[in-house]
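# Descriptive analysis of the structure
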Amino acid sequence: MESHLLTSSSSLLYSSSATAGSSAFNHVKPHCSIISSFPVCGKWKIGAQRVCSVKAMAASPGAQSHGQVPNKEAKLWGGRFEESVTDIVEKFTESISFDKELYKHDIMGSKAHASMLAAQGLMSASDRDSIVQGLDEIQKKIEGGEFVWRTDREDVHMNIEAALIDMIGEPAKKLHTARSRNDQVLTDFRLWCRDAIDRILASVKHLQVALLTLALKNEGLIVPGYTHLQRAQPVLLSHLLLAFVEQLDRDAGRLLDCRTRMNFSPLGACALAGTGLPIDRFMTSDSLGFTAPMRNSIDAVSDRDFVLEFLSANAIIGIHLSRLGEEWVLWASEEFGFITPSDSVSTGSSIMPQKKNPDPMELVRGKSARVVGDLVTLLTLCKGLPLAYNRDLQEDKEPVFDSVKTIVGMLEVSAEFAQNITFNKQRIEKALPAGYLDATTLADYLVKKVAGRSVALCVAKGCQLQGLSLDEFRSISPVIDDDVYGYLGVENAIKNFSSYGSTGSAPVSDQLEYWVARLEIGTK
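What you see is a predicted model, and the numbers here were worked out from it, not measured in a lab. (Residues numbered from 1 in each chain as written. Predicted model: local features only at pLDDT ≥ 70, side-chain atom pairs only at ≥ 80, totals over all residues. Heavy atoms only, no water.)

### Some remarks on the overall build of the protein
A tally of regular secondary structure across the protein gives 19 helices and ten strands. Here the protein holds 524 residues, and 50% of them are scored as buried. Put simply, of all contacts in the protein between residues at least 6 apart along the chain, 75% involve residues at least 24 apart. With the model as given, the accessible surface of the protein reaches about 24,300 Å², and the carbon-plus-sulfur share is 54%. (Helix = DSSP H or I, 4+ residues; strand = E, 2+ residues; numbered from the N terminus. Buried < 20%, exposed > 50% of the residue type's maximum accessible area, 1.4 Å probe, protein only. Contact = heavy atoms within 4.5 Å. Areas by Shrake-Rupley, 256 points an atom, 1.4 Å probe, with all protein chains shown as cover.)

Structure below.
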């Protein structure tokens, strides 16, 4: 993806037989001439370009169409080549079909770069203004659906740059001064991922709010808590739902940490070694909202840690959502019957009219596999690459785009599902007595391990723990008094949980208050 002769000239010189605004322009074949420059009024002015002998490969003006171009344009990098690539190679190597997603950030980066070049005396103010105005117009066309993406222009950068040259002519050719597509694409990609993290964080909070609202709506409802999918202890439903809120909070923390490490600018690193021109990387970094420029130019164009970390954070979110999905799919089944999804978030069967399926959460569970797969794709892609840039890295974007789209969808539909379910209190209450869920609290009361004998006696008699008489309890342990009944039954079991973070009424009430304040429920 490297652009040749970009770090030593003020522009890539095109020999054009077309006037500004036409669609025909010619690339050049390099001829080894050198650059000379001299300071003027404290700024650098370019005295002589790296002059190239011209190999005319003009494209015909006229209508553009995606993938069908009457005459191919020469590539930006094509000056040394005698032949253009074949259609098969062009189709295999193009990335415009997916990296056009970066258009907004590509334009942002180009505006910042042009402003810096002008400030450093490497471009006139009028050229900068023409470039910025042209880029604004191109963005309007893209967002209005009027821009035609061309596969012969390979990628988003070349499409926008070539369109800018068509629009304003010579000034646009100076935009590539001290910039390679290597640092350009990484700048675009970091900006895109930074914005994507912000979108995901908003969706994470939306789901947290939906779960917290559900917890508040069902405050005090006791449900069976499970280990090994066996009924274990009674817990408050609010406590269970807040466990997912806590998971999502850690997910948000990972994304924020990732965003912090991601937020450094590769712009100005050029192909890999930087440039001898007097650019100001700190100016472009500041204008694009980065913390600072990346310190090492080789690392700047080869690093993909930021996307690996990003996709890792997404994969963990996907696993959390898959677990939530599994919980609710089970609870919506006839075997559990703890929740009833509304018709608006359910689907039916084409052959079994009695069925009402929680398909959205089944798909949340299923789509987690895609997000994990996206991470594995990137890890495998990067594992054997030498420094610095390699064309393999063109393949880094589609998994990231897919991961973000999938995670946002999973978060949004999970929140939608949470807002459209009801808990079947009668069914839950019927499930609570079974399983001796208060056995653990009995063990807490007795201290000594006699709870097992008590459960065994209940099994023999076919009753619950609170159904044993005091004499029967004393036959197991003489230390038991009649206050034991204050510990038995799921309601009493819940009341007797008192440790910090436990499922007791008071601790869960504290947790609810914390999350209401943290998520600003009812304050807007």
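### Digging into helix α13 (residues 397-418)
An ideal rise of 1.5 Å per residue puts 32 Å on 22 residues; α13 measures up with 32 Å between its terminal C-alpha atoms. By the criterion of burial, α13 is predominantly enclosed, with 16 of the 22 residues buried. (Expected span 1.5 Å × (residues − 1).)

### Some words on the nonpolar core
Ranked by size, the top nonpolar core spans 106 residues in total, and within it Ile200, Phe310 and Trp328 carry the most contacts. If one sorts the elements of this core by residue count, helix α7 (residues 181-217) sits on top with 16 residues. Excluding its chain neighbours within four sequence positions, the residues that come into contact with phenylalanine 310 are Cys193, Ala196, Ile197, Ile200, Leu255, Cys258, Met262, Val400 and Val404. (Core = buried A, V, L, I, M, F, W, Y, C linked by side-chain atoms within 4.5 Å.)

### Overview of the confidence of the model for the protein
Mean pLDDT for the protein: 83, with 81% of residues reaching 70 or above. Mean pLDDT values for the elements of the protein range from 31 in strand β4 (residues 52-54) up to 98 in strand β7 (residues 264-265). Here residues 1-70 scores under 50 on pLDDT; set against residues more than four positions off or in separate chains, the count is 166 contacts. (pLDDT = per-residue confidence, 0-100.)

### A word on the packing of aromatic side chains
Using the criterion set out here, one finds eleven aromatic pairs in the structure. Judged by centre distance (6.3 Å) and plane angle (80 degrees), the rings of tryptophan 331 and phenylalanine 423 are edge-to-face. With tryptophan 331 in helix α11 (residues 305-331) and phenylalanine 423 in strand β10 (residues 421-423), the pair connects residues that are 92 residues apart, well separated along the chain. The residues tryptophan 331 and phenylalanine 423 share a single accessibility class, namely buried. (Phe/Tyr/Trp six-rings, centres within 6.5 Å; stacked < 30°, edge-to-face > 60°.)

### A word on helix α16 (residues 451-461)
Every buried residue belonging to α16 is among Ala451, Ser454, Val455 and Cys458, and all of these are buried. Projection of α16 onto a plane perpendicular to its axis shows the buried side chains occupying an angular sector of 95 degrees, all on one side. Turned more than 90 degrees away from the buried face of α16, the exposed residues are Gly452, Val459 and Ala460. Phi turns positive, to about 70 degrees, at glycine 462, one or two residues after α16. (Arc of directions from axis to C-beta.)

### Comments concerning the pattern of salt bridges
One pass over the full model with this rule turns up 20 salt bridges. Residue arginine 181 pairs with aspartate 155 through a salt bridge whose shortest N-O separation is 2.7 Å. Of this pair, arginine 181 sits in helix α7 while aspartate 155 sits in the loop between α4 (125-143) and α5 (156-168), placing them 26 residues apart in sequence. For arginine 181, a relative accessible area of 3% translates into the label buried. Arginine 259 is the partner of aspartate 198 in a salt bridge, and the nearest nitrogen-oxygen pair spans 2.9 Å. With a gap of 61 residues between them, aspartate 198 in helix α7 and arginine 259 in helix α8 (residues 237-262) connect regions that are remote in the sequence. Residue classification places aspartate 198 among the partly exposed residues on the basis of a relative accessible area of 33%. The network of salt bridges with shared partners includes Glu154, Asp155 and Arg181. (Salt bridge = Lys/Arg side-chain N within 4 Å of Asp/Glu carboxyl O.)

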